[in-house]
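Descriptive analysis of the structure
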Amino acid sequence: MNTGLLTVDEAEKQAGNWHFRRLNGDQTHQGRHVRIPLGQWMIQRVRLYDYP
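What you see is a predicted model; the values in this text were computed from it and never measured.

All right, on to the packing of aromatic side chains then. If you walk through the whole model with that rule in mind, you get one aromatic pair. Above the face of the F20 ring, R45 is positioned so that its terminal group lies 3.9 Å from the ring centre.

As C-alpha cells, this is what we get:
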C-alpha cells in the first residue's frame, strides 16, 4: 500500500487568528512530498490517502 498527500495547508497566525493557505500540485510535487526550507519553521496540516 502506498500513501500520498491529498491536501496540504500551511498555517500562519496573524493578529491572533489562524489562516491556512492550500498548497497546489506544483508545490506538493503532485502529492509526493512537501519541502520546508532550511532554517525556517512552518506548520503544515496534511490529509493523506492510500492507494495500491
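Picking up where we left off.
Attention now goes to the pairing of strand 1 (residues 2-14). Of the strand pairs in this sheet, strand 1 and strand 3 (residues 43-51) are connected by nine bridges, and their pairing is antiparallel. Each residue of the ladder has a partner; that of T7, found in strand 3, is R47. Relative to strand 2 (residues 17-22), strand 1 is paired through six bridges, and the arrangement is antiparallel. Across the sheet, residue E12 finds its bridge partner in strand 2, namely H19.

Conventions adopted
- Residues numbered from 1 in each chain as written.
- Predicted model: local features only at pLDDT ≥ 70, side-chain atom pairs only at ≥ 80, totals over all residues.
- Heavy atoms only, no water.
- Phe/Tyr/Trp six-rings, centres within 6.5 Å; stacked < 30°, edge-to-face > 60°.
- Lys NZ or Arg CZ within 6 Å of the ring centre and 35° of its normal.
- Pairing = 2+ DSSP bridges.
- Helix = DSSP H or I, 4+ residues; strand = E, 2+ residues; numbered from the N terminus.

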